[in-house]
Amino acid sequence: MTELLPVAVLGARGRMGSEAVRAIGAAPDLDLVAALGSSDPLESLVSAGAAVVVDLTVPEATASNVRFLVDHGMHAVVGTTGWTADRLAELEAQLAGSPATGVLIAPNFALGSVLASAFAATAARYFESVEIIELHHPDKVDAPSGTAARTAQLIASARAAAGVPLAPDATRDELDGARGARVDGVPVHSVRLRGLTAHQEVLLGSPGEQLTIRHDSYDRASFMPGVLLGIRSVAGHPGLTVGLDGYLDLQTGGRS
Ligand SMILES: NC(=O)C1=CN([C@@H]2O[C@H](COP(=O)(O)OP(=O)(O)OC[C@H]3O[C@@H](n4cnc5c(N)ncnc54)[C@H](O)[C@@H]3O)[C@@H](O)[C@H]2O)C=CC1
Ligand SMILES: O=C(O)C1=N[C@H](C(=O)O)C[C@H](O)C1
């Protein structure tokens, strides 16, 4: 008989955490050994024997949670937002002392979203203007979304590598926030609306044409295949991986 992989969830009673608990419970190769809420001690992960821990908590808690996991040699699959460049650098430094441990920081687990961000970064090299609109449920505590921030970073670095200048913008007189937040120079606009789940549009414009790359998560079920892929793959990817695309082959499968 093959051994089951012992998995724990942090934030297990939240919107994403409860969905992850269900998905892990239904997976024949995984064993849910702990499901922790905000007042449960992290030490119980050690006694439960968790090998992989999924963090779906809040931006204020996730960095210290992951620090604890790496300290205890547990692999981490993190969907929580709030991972600034400084926090990622600190985590990388910690992982250097724990070379067998894998951490996946995935701003978005939905395959369509990962693909949409990759398509947007490719397209952004060829268009004069680019802006992002992210749209979410109004219970979300952070803005802009982690996905939008990551997409903007991918777009900015693809444009910089291709020598594309900053998008033109003649705005001189602006009500604060009217042009959105700038993430690596890319304007990001956040909408919070009851009825929505998680949605994003990347608008790309050049003289006489526009391309819109849109992704919609209508249900948190959309994130679960990515969560399970992360759980099953993280031990095979020691060190830090940012973005589920790090575990996927996004090359086209076509023949030339
Ligand atoms: N990567 C992805 O695909 C996705 C990421 N998210 C992100 O996941 C995070 C959670 O989102 P939701 O589930 O919608 O939020 P939520 O507010 O429904 O759930 C968060 C849960 O974490 C708990 N919590 C807070 N601190 C904790 C701690 N120290 N230890 C254990 N539990 C703790 C809270 O009590 C709550 O139950 C957010 O950062 C969100 O942006 C959300 C959806 C998809
Ligand atoms: O809070 C959410 O709901 C989501 N958070 C993530 C983000 O901030 O990008 C992923 C997805 O957009 C849903």
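Because the structure is predicted, anything quoted here is derived from the model rather than measured.

1. Brief notes about unusual backbone geometry
Excluding glycine, residues mostly have negative phi values, and the peptide bonds linking residues are mostly trans.
Consideration 1: Here the amide bond leading from Ala143 into Pro144 is cis, since omega sits at -5 degrees, within 30 degrees of zero.
Consideration 2: Secondary-structure assignment places Pro144 in the loop between β6 (129-136) and α6 (146-161).
Consideration 3: Unusually for a residue other than glycine, Asp184 sits at a positive phi of about 50 degrees.
Consideration 4: In this fold, Asp184 is placed in the loop between β7 (181-183) and β8 (186-192).

2. Side note on the UniProt feature "domain: Dihydrodipicolinate reductase C-terminal" (unreviewed entry) in the protein
Consideration 1: Look at the UniProt record and you will see "domain: Dihydrodipicolinate reductase C-terminal" (unreviewed entry) annotated at residues 113-243.
Consideration 2: Across residues 113-243 one finds 28% helix and 31% strand; the C-alpha atoms that close the span lie 11 Å apart.

3. Let's talk about the sheet that holds strand β1 (residues 5-10)
Consideration 1: Taken in spatial order, the six strands make up an open sheet running β2-β1-β3-β4-β5-β11, and their pairing is parallel. Lying at the two open borders of the sheet, with one neighbouring strand each, are β2 (30-36) and β11 (239-242). Shown here is a sheet whose adjacent strand axes are inclined to one another by a mean of 20 degrees, direction ignored.
Consideration 2: Relative to β11, strand β5 (residues 102-105) runs parallel, the two being bridged by four bridges. Bridge pairing links Gly102 to Gly239 in β11.
Consideration 3: Along the sheet, helix α3 (residues 59-71) contacts β1, β3 (52-55), β4 (75-78) and β5; its crossing angle with β4, the most-contacted strand, is approximately 160 degrees.
Consideration 4: Contacts between helix α4 (residues 85-96) and the sheet are confined to β5 and β11, with β11 contributing the most and set at about 150 degrees to the helix.

4. Looking at the UniProt feature "active site" (unreviewed entry) in the protein
Consideration 1: Per the UniProt record, the feature "active site" (unreviewed entry) sits at His136 and Lys140. As for the annotated residues named above, the ones lining the largest pocket are His136 and Lys140.
Consideration 2: Positionally, His136 belongs in strand β6.
Consideration 3: With sequence-adjacent residues up to four places away left out, His136 is seen in contact with Ser145, Val191, Arg192, Leu193, Leu196, Thr197, Ala198 and His199.
Consideration 4: A polar atom in the side chain of His136 sits 2.8 Å from the side chain of Glu134.
Consideration 5: Within the element layout of this structure, Lys140 appears in the loop between β6 and α6.
Consideration 6: Once you skip the residues sitting within four places of it in the chain, Lys140 turns out to touch Thr81, Ser145 and Arg192.

5. Description of the site of ligand 2
Consideration 1: What surrounds ligand 2 is the set Thr81, Pro107, Asn108, His136, His137, Lys140, Asp142, Ser145, Gly146, Thr147, Ala198 and Phe223.
Consideration 2: Between ligand 2 and Gly146 there is a distance of 2.8 Å, counted from an oxygen atom to a backbone nitrogen or oxygen.
Consideration 3: Between ligand 2 and the protein, one listed contact pairs an oxygen atom with a side-chain N or O atom of Thr147 at 2.5 Å.
Consideration 4: Starting from 320 Å² of accessible surface for ligand 2 in isolation, the protein chains cover 83%.
Consideration 5: In a pocket analysis with a 2 Å cut-off to the grid points, ligand 2 is assigned to the largest pocket.

6. Regarding the site of ligand 1
Consideration 1: Neighbouring ligand 1 are 20 residues; Arg15, Met16, Thr81, Ala106 and Phe109 lie closest to it.
Consideration 2: Here Gly14 contributes a backbone N or O atom positioned 3.4 Å from an oxygen atom of ligand 1.
Consideration 3: The backbone of Pro107 places a nitrogen or oxygen atom 3.1 Å from a nitrogen atom of ligand 1.
Consideration 4: When atom positions are compared with the pocket grids, ligand 1 is found to occupy the largest pocket.
Consideration 5: Of the residues contributing to the shell around ligand 1, the split by class is eight nonpolar, nine polar and three charged.

7. Some details on α3
Consideration 1: Residues of α3 that are buried: Pro59, Thr62, Ala63, Asn65, Val66, Phe68, Leu69 and Val70.
Consideration 2: Next to the buried residues of α3 lie β1, α2 (43-48), β3, β4, α4 and β5.
Consideration 3: Just past α3, the residue Gly73 takes up positive phi, approximately 70 degrees.

The rules we used
Residues numbered from 1 in each chain as written. Chains lettered and ligands numbered in written order. Predicted model: local features only at pLDDT ≥ 70, side-chain atom pairs only at ≥ 80, totals over all residues. Heavy atoms only, no water. Helix = DSSP H or I, 4+ residues; strand = E, 2+ residues; numbered from the N terminus. UniProt positions renumbered as here; feature names shortened; annotations may be inferred. Pairing = 2+ DSSP bridges. Axes fitted to C-alpha atoms, helices over the stretch in contact; angles between N-to-C directions. Contact = heavy atoms within 4.5 Å. 1 Å grid on protein atoms, 1.4 Å probe; cavity = no way out; pocket = protein on both sides within 12 Å on 5 of 7 lines; lining within 4 Å. Polar contact = N/O pair within 3.5 Å; in protein donor to acceptor, adjacent residues only side chain to side chain. Near = heavy atom within 4 Å. Areas by Shrake-Rupley, 256 points an atom, 1.4 Å probe, with all protein chains shown as cover. Sits in = over half its atoms within 2 Å of the grid points. Nonpolar A, V, L, I, M, F, W, Y, C, P; charged D, E, K, R; others polar. Buried < 20%, exposed > 50% of the residue type's maximum accessible area, 1.4 Å probe, protein only.

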